Amino acid sequence: EAGVAQSPRYKIIEKRQSVAFWCNPISGHATLYWYQQILGQGPKLLIQFQNNGVVDDSQLPKDRFSAERLKGVDSTLKIQPAKLEDSAVYLCASSGRLAGGPNEQFFGPGTRLTVL
Amino acid sequence: AQSVTQPDIHITVSEGASLELRCNYSYGATPYLFWYVQSPGQGLQLLLKYFSGDTLVQGIKGFEAEFKRSQSSFNLRKPSVHWSDAAEYFCAVGVNDMRFGAGTRLTVKP
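## A closer look at unusual backbone geometry
With an omega of -10°, the peptide bond running from Ser7(A) to Pro8(A) counts as cis. In this structure, the amide linkage connecting Gln80(A) to the following residue, Pro81(A), adopts the cis form with an omega of -5°. Structurally, Pro81(A) is set in the loop between strand E8 (75–79) and strand E9 (88–98). Positioned with a positive phi, Lys61(B) is a non-glycine residue whose angle comes to about 60°. Following the sequence through the fold, Lys61(B) ends up in the loop between strand E7 (56–58) and strand E8 (64–68). In this model, Ser72(B) sits at a positive phi of 50°, which is unusual for a non-glycine residue. When you line up the elements, Ser72(B) lands in the loop between E8 and strand E9 (73–78). Here Ser72(B) falls in the partly exposed class, since its relative accessible area comes to 26%.

Cut-offs and rules
Residues numbered from 1 in each chain as written. Chains lettered and ligands numbered in written order. Predicted model: local features only at pLDDT ≥ 70, side-chain atom pairs only at ≥ 80, totals over all residues. Heavy atoms only, no water. Helix = DSSP H or I, 4+ residues; strand = E, 2+ residues; numbered from the N terminus. Buried < 20%, exposed > 50% of the residue type's maximum accessible area, 1.4 Å probe, protein only.

In structure tokens, the structure reads:
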């Protein structure tokens, strides 16, 4: 079974530029998550999708961050304009329903963003 | 609100020695608890999880964890550490609204 795919793996941009990240979840997984992991910290949830609808985006800085999940499969996360403090690893995860239990999240390798 | 505390930022152990990584949680209901490992440049890999039942949970790579409700803890253990276990370890609580601890970096001395 293929895992969660993310691209690019690395991105370097200057502040005020825009950037986009792509995620392809595990086939059949209805729930998709985007996390931000700043160096030295644990991942922080930015947004959660159930199919193509947003379930939780309470921690997404909506003035500069946006995300979409068209057709309930792939997802993109965009930052516009980027700030220095956005330098982090952006992790995508997906989960599917387990019989008799709550969902388990599977993580992609992440995109490391450096904002100069 | 749910939260996770990992009191140890960095731990160093000798290869072959035993390991215990601490995790304390705050959660309003029966917690779903996880331990993940992250190697440099990699995503998070699930080591083990606790949903219900037996409070001693076995995971991959020889790891185990014990859920102690009275202490709000879910400590990770391994009887004999290998050099390849050097990585960052994260405890997490919740399911859809998962919250992660800040992580514990494990260094293994030869």
